[in-house]
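So the chains spell out like this:
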Amino acid sequence: MVTTLTARAALLDMDGTLVDSTAVVERLWLEWAEPHGLDRDTVLATVHGRQGWQSMSILLPERDHAINLEENRRMLARESAETDGVVAIAGAAELLHALHGYPHAIVTSADVALMTARMGASELSIPELAITAERVTNSKPDPEGFLLAASTLGIAPEDCVVFEDSGAGIRAGLDAGMTVIGVGPHAPAFGPAHHVDDLTQLVIAPGGEGFEIRIS
C-alpha cells in the first residue's frame, strides 16, 4: 500500500535521518556523562535531536550556563573530528538527489562544521539552505528552526513536510504546523503523522504546485 502526500518544501533533519552517527554520538556523550554519575539511559534519552548545551542544561540543571556553552563547544569540535563509523542512512543520497530542483533544506542542531563533517563522511550533498545551530536562538523541540527554514524558502508551514527521527525533532515539526514523517525504529513513539524504517521507502515525483512524496 502506498501513501501519497503533497508538499511544496521538504525539511530534513541530519543525525538519525540522513546520517547514522549514533555510535559516535552515544560514545562521546557517555564519556561526558561518566564523571557526573549520570544514568546511561537518561543521557541517551535526552541528547538526541537537541543542541548539546541544552542537553547539558537538562541533565545538570543547577550548573552555570557558561560552563555548558564551553563544554558544548568542545563537544562539537570532537564530534566534527571523530567521524569514523558515520554513514548515510539507506536511501538518503537518492532522496537528496530527487529533491534537487524543489525547495528543501537541512534543519539540524549541529553547527556548520559538524554538519559539513558528517555529511562529507557520509558522501551526501548539502542542500543550498542549511539551518544550523548558529542560525537559531532556540534548540529543538522549539519549532524555530523549521519555521525559519520555511520562511527563508518562502513556503507556508502547512505546505512543508519534515523528516525527523528524534522526539525533540518530531515535536518541533509538529509544533511548527508541519506534516512529519518519522524515520527509523524509534520515531513512531513520538507521534509523527507517517513513518518509514529508512529513506528507501520514499519516492519523490512531480505533483501539483510542488511535488508528491510516496511512502511505500
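Here goes a summary of the coordinates provided. Quick caveat: nothing in here was measured; it's all calculated off a predicted structure.

## Examining helix 6 (residues 112-121)
Thought 1: Turning to helix 6, its buried residues are Leu114, Met115, Ala117, Arg118 and Met119.
Thought 2: Looking at the buried residues of helix 6, the elements they touch are strand 3 (19-20), helix 1 (22-33), helix 4 (65-81), helix 5 (92-99), strand 5 (104-107) and strand 6 (129-131).
Thought 3: Looking one or two residues past helix 6, Glu123 carries a phi angle of roughly 60°, positive in sign.

## Overview of the packing of aromatic side chains
Thought 1: Counting across every chain of the model gives two aromatic pairs.
Thought 2: With a centroid separation of 5.2 Å and 70° between ring planes, the pair formed by Trp29 and Trp32 is classed as edge-to-face. With a gap of three residues between them, Trp29 and Trp32 both fall in helix 1, about one helical turn apart.
Thought 3: Between Tyr102 and Phe211, the aromatic rings sit 4.8 Å apart at their centres with planes inclined by 40°, giving tilted as the arrangement.

## Regarding the nonpolar core
Inside soluble globular proteins, nonpolar side chains tend to come together where they are buried.
Thought 1: In terms of nonpolar packing, the biggest core is built from 44 residues, with Leu18, Met119, Phe163, Ile181, Leu202 and Ile213 touching the most fellow members.
Thought 2: Counting residues per element, this core draws most heavily on helix 1, at six residues.
Thought 3: Residues Leu11, Ile131, Ala149 and Ala150 belong to the second largest nonpolar core, which totals 19 residues.

## Description of the sheet that holds strand 7 (residues 160-164)
Thought 1: Spatially, six strands are ordered 6-5-2-7-8-9 in an open sheet, and the strand pairing comes out parallel. Strands with a single pairing partner mark the edges of an open sheet, and in this sheet they are strand 6 and strand 9 (194-196). When the angles between neighbouring strand axes are averaged without regard to direction, this sheet yields 25°.
Thought 2: Taken together, the four bridges between strand 2 (residues 9-12) and strand 7 define a ladder with parallel strand orientation. The residue bridging Leu12 from the neighbouring strand is Phe163, located in strand 7.

## A short note on the sheet that holds strand 10 (residues 202-207)
Thought 1: Pairing in this open sheet of three strands is antiparallel, and the strands run 1-11-10 from one edge to the other. On the outer flanks of this sheet lie strand 1 (3-7) and strand 10, each paired with one strand and no other. Direction aside, neighbouring strands of the sheet carry axes that sit 25° apart on average.
Thought 2: Strand direction decides the pairing type here: strand 1 and strand 11 (residues 210-215), joined by five bridges, are antiparallel. Bridging from a neighbouring strand, Thr4 pairs with Arg214 of strand 11.

## Observations regarding the packing of helix 1 against helix 4
Thought 1: Taken N-terminus to C-terminus, the directions of helix 1 and helix 4 make an angle of 145°; their axes are 11 Å apart at the nearest point. In this structure, helix 1 meets helix 4 at a crossing whose hand is right-handed. Contact residues: Val25, Arg27, Leu28, Trp29, Glu31 and Trp32 in helix 1; Glu71, Met75, Arg78 and Glu79 in helix 4.

## Let's talk about the packing of helix 3 (residues 52-59) against helix 4
Thought 1: Where helix 3 meets helix 4, the axes come as close as 8 Å, and the angle between the chain directions of the two elements is 135°. When the axis of helix 3 is compared with that of helix 4, the two are oblique. For the element pair helix 3 and helix 4, the recorded crossing hand is right-handed. Mapping the contact onto sequence places Gly52, Trp53, Met56 and Ser57 in helix 3 and His65, Asn68, Leu69, Glu71 and Asn72 in helix 4.
Thought 2: Considered class by class, the residues forming the contact of helix 3 with helix 4 number three nonpolar, five polar and one charged.

## A closer look at the environment of Val180
Thought 1: Along the chain, Val180 turns up in strand 8 (residues 179-183).
Thought 2: Taking the C-alpha atoms as reference points, Val180 and Asp165, 15 residues apart in sequence, are found 9.7 Å from one another.
Thought 3: Apart from residues lying up to four places away in sequence, Val180 is in contact with Val162, Glu164, Ile170, Gly173, Leu174, Pro192, Ala193 and His194.

## A look at the pattern of salt bridges
Thought 1: Considering all chains together, one arrives at 15 salt bridges under this definition.
Thought 2: A salt bridge links Arg118 to Asp15; the nearest nitrogen and oxygen atoms lie 3.0 Å apart. Of this pair, Arg118 sits in helix 6 while Asp15 is found in the loop between strand 2 and strand 3, placing the two residues 103 residues apart along the sequence.
Thought 3: Residues Arg78 and Glu82 are paired through a salt bridge, measuring 3.1 Å at the closest nitrogen-oxygen approach.
Thought 4: Ionic contacts of the salt-bridge type, sharing partners, join the residues Arg27, Glu31, Arg78 and Glu82 into one network.

Calculation notes
Residues numbered from 1 in each chain as written. Predicted model: local features only at pLDDT ≥ 70, side-chain atom pairs only at ≥ 80, totals over all residues. Heavy atoms only, no water. Buried < 20%, exposed > 50% of the residue type's maximum accessible area, 1.4 Å probe, protein only. Helix = DSSP H or I, 4+ residues; strand = E, 2+ residues; numbered from the N terminus. Contact = heavy atoms within 4.5 Å. Phe/Tyr/Trp six-rings, centres within 6.5 Å; stacked < 30°, edge-to-face > 60°. Core = buried A, V, L, I, M, F, W, Y, C linked by side-chain atoms within 4.5 Å. Pairing = 2+ DSSP bridges. Axes fitted to C-alpha atoms, helices over the stretch in contact; angles between N-to-C directions. Left-handed = near helix turned anticlockwise from the far one by under 90°. Parallel < 35°, antiparallel > 145°, perpendicular 65-115°, else oblique. Nonpolar A, V, L, I, M, F, W, Y, C, P; charged D, E, K, R; others polar. Salt bridge = Lys/Arg side-chain N within 4 Å of Asp/Glu carboxyl O.

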